[in-house]
Each structure stands twice: as C-alpha cells, then as structure tokens.
Amino acid sequence: MSTEALLHDIRQQLLEGGLHGCLLVRDLCSGAELGIEPDVQLPSASLVKIPLALATAERIRRGELDGATAIDVQPGSITTPGPTGLTRFRHPARIAIDDLLYLSTSVSDGTAADALFGLTPPAQVAQILHELGLDGITIRHGMRELTQTPAERFTPDQAHLAHTLAIEASTSGRGHHVPQLDTTRANTGSARAWTALLQALWTPSAIHPEAAARVRDLMAHNLLRHRLAPDFSSDASGWSSKTGTLLNLRHEIGVVEHSDGHAFAIAVLTESLVPASTQPGADILMAQAARRLHDHLRQL
C-alpha cells in the first residue's frame, strides 16, 4: 500500500470508530516521519506530567531541589472513576520529592503532580522547557483543574451527559465552553511537539543526560498499559510511555525501542465523538493506527 493510501485508510478507520486523531511516528535514527494532522493543538490532559517530571528532574540535578526532601501532601479524596494514588487518598501523607515524581509520572497521580507543581509552578516548568529549546507545549495550570470538569458533577450513570457536552460544546478556533478543553486556556501540545520532546529525551539534546535518563526510566515504568502498549511491547521491544485521558480525550505518547537498535517516537492524540466514558475499542483503534504507521515507516 502506498503511503498516501495508508494515511487515507487510517483516517477512515479512526472516523468510523468515532475518533478524530492527530498522530505522528518518527524514526529517531533517521528522522523520517509519518503523521496525520500532527500540528493540531489539543489539550494535554495528563501528558503535562512529562514536562513536569523533566523540570523537576532538572531542578534536582541543578541542586535547586533535594529529591529526599519530604513534603506533606493533603489527600485528593476524589472518588469518581479514573484518578490514582494520592488523588484517591483520604488522609494526609508525607512523601519525598523523588517518590512524588514516581507517583506523578509512572502512576499518573494528579495530587502528586500538584505537589510537584507547588515546588515548580506551571510558568517555571514552561520556562525550563523554553530554555531547553522545547517551545511547542503550552503549560498554564496544574492538575486540580482537571478534577473540576462536568464529569465530576454528574452521577456515574449520567457520564454520557458530560461526554456529550465535551463533544458538542466546542466553538470556532478550537475554543470550548468546558475550560479544560479550550486550547486558549488549557495545557496544550500537538503530536509534533510531543514527538519533539520524546526525541530530546531519547537522543542527545539540550536536556542534561542525567535528567533525560530519569524521565525515560519513569516512562519505562508507566503502570497504565492498556492503550498503545499491547501493540508495542514484546520480548524484542520495550515501550516507555505516558497516557492522558480527560472526558472525550484519549492520548498516549511514547518510544518503542527494538532489539535491533531502532527506536521510534510515537504520539497519538484523539478526540472521541462517542458520548461514553468507557471505550476499550477506541484504545485498540489508537494502537492499531499507530502500529500501522510505525510498520510502514520502518519498511521505507
């Protein structure tokens, strides 16, 4: 199949499955890439925890933070489906910065992330990214804002109402009546910007090797492996990644490293057009689309 035919077929499969997808796969050895709408800006959801992890690791490396310093963290006390770790805790906890970094990144714990944002505010994280030459990702707020969407105001049997609002309440220019989905107010990034960050973490760049290695290790130990991991993890390849989920948004970025030495950065950002919170078929479709792009690029 030609590249043009492949891209058309993947677009059609995504649309038939109720997804609008923005994807990019890049060969980290050659720089060759294939994508679908890779420059569209979308809200980042939990993907923002990767820039946060990088900024925190860099500040620890500089000596501005001590990873052993213990922080008192208030419980998230959130009982709606989805949150993990401290976000679901009911009592205060005292946790070292190094461990908050693990919880925030590998477990995708929003309360741990907000504790880290308390040490390195969003504006400072954005500044560190700028210093490292990574300007395609916008960071405006922490994670608490993501727990204040319509999904938390409806009962579980009304989840479809929150998703219907997410799908139908957009405005021109990718604005949205739900602030967390408004690209002028939310944390945002494109598939190309996230791929550039992955490339900077996995190949020589302005990022210090010590900080890059720390973030790579955290991503390698990502516990959420239901989305792209089934198509990229095997005895002959390793998959390091971070997911992001918010209302009708389903994202994952990561790097697959093959035993032959080849590595590919992959970013899949999607918006579901189906008003349902549980959509395992969408996760499968995302993985299949990414795998087809990867396999085609590897054969070129």
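Residues numbered from 1 in each chain as written. Predicted model: local features only at pLDDT ≥ 70, side-chain atom pairs only at ≥ 80, totals over all residues. Heavy atoms only, no water.

For the chain, the name recorded in an unreviewed UniProt entry is Serine hydrolase, with Streptomyces lydicus as its organism.

## Quick look at the overall build of the chain
Across its full length, the chain holds ten helices and nine strands. The C-alpha atoms of the chain give a radius of gyration of 18 Å, which matches the 19 Å a tight globule of 300 residues would have. When the backbone C-alpha atoms are referred to their principal axes, the chain occupies close to 55 × 45 × 35 Å. Out of the 300 residues in the chain, the part that is buried amounts to 53%. Sequence-distant contacts, at least 24 apart, represent 66% of the contacts inside the chain between residues at least 6 apart. (Helix = DSSP H or I, 4+ residues; strand = E, 2+ residues; numbered from the N terminus. Rg over C-alpha atoms; globule rule 2.2 N^0.38 Å. Buried < 20%, exposed > 50% of the residue type's maximum accessible area, 1.4 Å probe, protein only. Contact = heavy atoms within 4.5 Å.)

## Observations concerning the pairing of strand 7 (residues 237-246)
Looking along a regular strand, one sees side chains alternate from face to face of the sheet. Across the ten residues that make up strand 7, a large majority, eight, are buried. Sheet topology places strand 7 next to strand 8 (residues 249-258); ten bridges connect them, and they run antiparallel. Bridge pairing in strand 8 links Gly238 to Glu257. (Pairing = 2+ DSSP bridges.)

## Overview of the sheet that holds strand 7
Spatially, the five strands line up as an open sheet ordered 2-1-9-8-7, and their pairing is antiparallel. Pairing within the sheet leaves two strands with one partner each, and these edge strands are strand 2 (33-36) and strand 7. Ignoring which end each strand starts from, the neighbouring axes of this sheet average 10° apart. Against the sheet, helix 8 (residues 209-220) contacts strand 7 and strand 8, and its axis sits at roughly 80° relative to strand 7. (Axes fitted to C-alpha atoms, helices over the stretch in contact; angles between N-to-C directions.)

## Structural notes on helix 1 (residues 3-16)
Helical geometry note: an α-helix holds 3.6 residues per turn, so side chains three or four residues apart project in the same direction. End to end, helix 1 covers 20 Å across 14 residues, agreeing with the expected 20 Å (1.5 Å per residue, within 8%). Those residues of helix 1 that sit buried are Leu6, Leu7, Ile10 and Leu14. Projected onto a plane normal to the axis of helix 1, the buried residues spread over an arc of 95° and lie on a single side. Turned more than 90 degrees off the buried face of helix 1, the exposed positions are Glu4 and Glu16. (Expected span 1.5 Å × (residues − 1). Arc of directions from axis to C-beta.)

## As for the pairing of strand 8
Counting buried positions over the ten residues of strand 8 gives nine, a clear majority of the element. Remark: two residues form the turn of the hairpin made by strand 7 and strand 8, two consecutive strands paired antiparallel; Leu247 in that turn has positive phi of roughly 50°. Sheet topology note: the strand 8/strand 9 (residues 263-272) ladder contains nine bridges and is antiparallel. Paired with Gly254 across the two strands is Ile266, which belongs to strand 9. Hairpin connection between strand 8 and strand 9: a loop of four residues separates the two successive antiparallel strands, and Gly261 in this loop has a positive phi of roughly 100°.

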